[in-house]
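Each chain, written out:
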Amino acid sequence: MSDPKRGSAGAEPPSTLRRLRRIGSEEKFLGPLEAAVMERLWKRGTATVRDVVDDLGRSRALAYTTVMTIMTRLQAKGLLERDRDGKTYVYRPACSREEHRERLSRDLVRGLVDEFGELALAHFAAELDGVDAAHRAALKRLAKADPRAPR
Amino acid sequence: MLRADRAFGLLVLLAVVSSAILIALLAAIIPHVELLAARGAEGAADVVAIVLLGLATLGITLGLSSLFRQLLATLVLIRSLLARRVAMPARVRAAAGGLGLDGRIDVVDDARPFSFCYWFLRPRICLSIGLVRRLDHAELRAVLFHERYHLRHRDPLRLVIARYFAAGLYVVPVVEDLVAHFTLEKELEADEDAVAAMGDVRPLARALYALLPDADEVSLGLLVPVGSLSVTEARIDHLVQGRPLAARIPATSIALSFGALAAASVLAAVPGMLVAPASLLFVAAINGGVHQVRLVVHR
């Protein structure tokens, strides 16, 4: 059962142990610098590497190559898209901040269970994937129900 | 109605009885196999002994492998998340007020909204910043009540034990069914606990709704290839209708399990490795073994 969104292009499927070691790395989470770059892109809409270096450079000293590496990596992860404009690339977010948050939420169980298999813990939102439309609607009605209405 | 505690108690009882029978059978096989190693296989009884030894080895391997994978996976996850532990936000402190969870909550810096109860003898609760940001005070409190149920019942420990038994005792498939029932029932009871404590079903329903993925993304990844029961759908039914769920243990599973245990008892008690009871045991073993091996392969 493969999830097309998770595969990284050209990469060999990692061994379980390697996958276990990689959790917590940038593959699953946005690192602080990546998050800062995404913040700038969501605010600006589009930006070149230079724009981001200038933006971030106001609060911290960052090398152009560092930011370029990060933006290339974000593009490889599918978080940024880019178009060539003359000699430079212009980047834009591949999804809105909300969509990104939703994607993270969707990946919750997959991220934890796919990577780790049988986790010995009880978590609040286990198996959120397999909920059909009828149950979704029923939960929504209940969540938004009038407090005075009988259940 | 088979509630979580009873389901777990029954599971452990059945597991202990089954283990005793199967260990007695193993003790009966070993001298036979030693003899066989000395003189080579001669008749049907020898073949039965060899196959039984193979099944026993598979059971031991599956049980230990389940235990190892669960502990390793959990340890690695917890370590990686706790490396991102942050000071408890004031909102969490406020929501946890009076719940008796002082010093038992970890908040980790992760954008994904999640919460879970972890660790074994003295469980703790882990919340992500993503969850804290997404839920309001009442929703957060409802989630904490839910997790407190798991913490008080040491559910992570019970889960490890239950899965270990289900894997090792694959010739008794009803153990796996009891694990599935226990897994579901503890969630329903944790929800019930939260609703009763809040005096209102809506904060918990809102929290659950806030964490649901988009409808068009549903079923992309079927994570646990066991049964067709969706824990969340059952929880939603339970929240909406507020009535308890009847335990559904398939009759074939019960028949196979008790057939296998009766056959193992006969084989252990009567010398000669009788083919007829052994056949019954093999059928149950194939049925449960395929399922457990699939779980290992899928995970």
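On a predicted model such as this, the values are computed, not experimentally measured, just so you know.

(A) Broad picture of the overall build of chain A. When helices and strands are tallied, chain A shows 6 helices and 3 strands. Counting helices and strands in the order they occur from the N terminus, chain A gives α-α-α-α-β-β-α-β-α. By the burial criterion, 27% of the 151 residues in chain A qualify as buried. A separation threshold of at least 6 residues defines the contact pool for chain A, and within that pool the share at least 24 residues apart is 38%.

(B) Expanded view of the overall build of chain B. When helices and strands are counted, chain B shows 11 helices and 4 strands. Dimensions of chain B, computed from the C-alpha atoms along their principal axes, are close to 75 × 40 × 40 Å. Of all 299 residues assigned to chain B, the portion counted as buried reaches 45%. By sequence separation, contacts in chain B at least 24 residues apart represent 72% of the contacts at least 6 residues apart.

(C) Here's a closer look at the nonpolar core. Residues and elements named next belong to chain B. Residues Val92, Cys126, Leu127, Leu204, Ala205, Ala207 and Leu208 are the most contacted members of the largest nonpolar core, which totals 42 residues. For this core, the element with the highest residue contribution is helix α5 (residues 137-152), accounting for 7 residues. One finds Leu25, Val171, Ala260 and Ala278 within the second-largest nonpolar core, a separate group that totals 41 residues.

(D) Region of interest: the pairing of strand β2 (residues 88-93) of chain A. Residues and elements named next belong to chain A. Here strand β1 (residues 80-85) pairs with β2 via 6 bridges, running antiparallel. What sits directly across from Asp83, in β2, is Val90. Between the end of β1 and the start of β2, which pair antiparallel, lie 2 residues, with Gly86 showing a positive phi angle near 65°.

(E) Quick look at the packing of helix α2 (residues 32-44) of chain A against helix α4 (residues 64-76) of chain A. Residues and elements named next belong to chain A. Packing of α2 against α4 leaves a shortest axis separation of 10 Å and a crossing angle of 80°. With respect to α4, the axis of α2 lies roughly perpendicular. Every residue of α4 that contacts α2 at Leu33, Glu34, Val37 and Met38 is listed here: Val67, Ile70, Met71 and Leu74. Residues belonging to the contact of α2 with α4 are distributed by class as follows: 7 nonpolar, no polar and 1 charged.

(F) Seen up close, unusual backbone geometry. A positive phi angle, close to 80°, is found at Trp119 of chain B, a residue other than glycine. Among the secondary structure elements, Trp119 of chain B is positioned in the loop between β3 (115-118) and β4 (124-128).

(G) The arrangement of α4 of chain A in detail. Residues and elements named next belong to chain A. An ideal rise of 1.5 Å per residue puts 18 Å on 13 residues; α4 measures up with 18 Å between its terminal C-alpha atoms. Every buried residue of α4 is accounted for by Val67, Ile70, Met71 and Leu74. Looking straight down α4, one finds that the buried residues subtend no more than 95° of arc, so they occupy a single side. Exposed side chains of α4 directed beyond 90 degrees from the buried face belong to Thr65 and Ala76. Elements that come into contact with the buried residues of α4 comprise α2, α3 (49-57), β1 and β2. Positioned one or two residues after α4, Gly78 has a phi angle of 90°, which is positive.

(H) Representation of the environment of Phe114 of chain B within the structure. Mapping Phe114 of chain B onto the fold places it in the loop between β2 (105-108) and β3. Through-space distance from the C-alpha of Phe114 of chain B to that of Cys126 of chain B is 8.1 Å; in sequence the pair is 12 residues apart.

(I) Spotlight on the environment of Phe165 of chain B. Residues and elements named next belong to chain B. Tracing the backbone through its elements, the reader meets Phe165 in helix α6 (residues 155-168). For Phe165, a count of 24 C-beta atoms within 10 Å gives the class buried. Sequence separation between Phe165 and Gly63 is 102 residues; the distance between their C-alpha atoms is 6.6 Å. Setting aside chain neighbours within four positions, we find Phe165 in contact with Leu11, Ala15 and Val175.

About the thresholds
Residues numbered from 1 in each chain as written. Chains lettered and ligands numbered in written order. Predicted model: local features only at pLDDT ≥ 70, side-chain atom pairs only at ≥ 80, totals over all residues. Helix = DSSP H or I, 4+ residues; strand = E, 2+ residues; numbered from the N terminus. Buried ≥ 20, exposed ≤ 12 C-beta atoms within 10 Å, placed from the backbone. Contact = placed C-beta atoms within 7 Å. Core = buried A, V, L, I, M, F, W, Y, C linked by C-beta atoms within 7 Å. Pairing = 2+ DSSP bridges. Axes fitted to C-alpha atoms, helices over the stretch in contact; angles between N-to-C directions. Parallel < 35°, antiparallel > 145°, perpendicular 65-115°, else oblique. Nonpolar A, V, L, I, M, F, W, Y, C, P; charged D, E, K, R; others polar. Expected span 1.5 Å × (residues − 1). Arc of directions from axis to C-beta.

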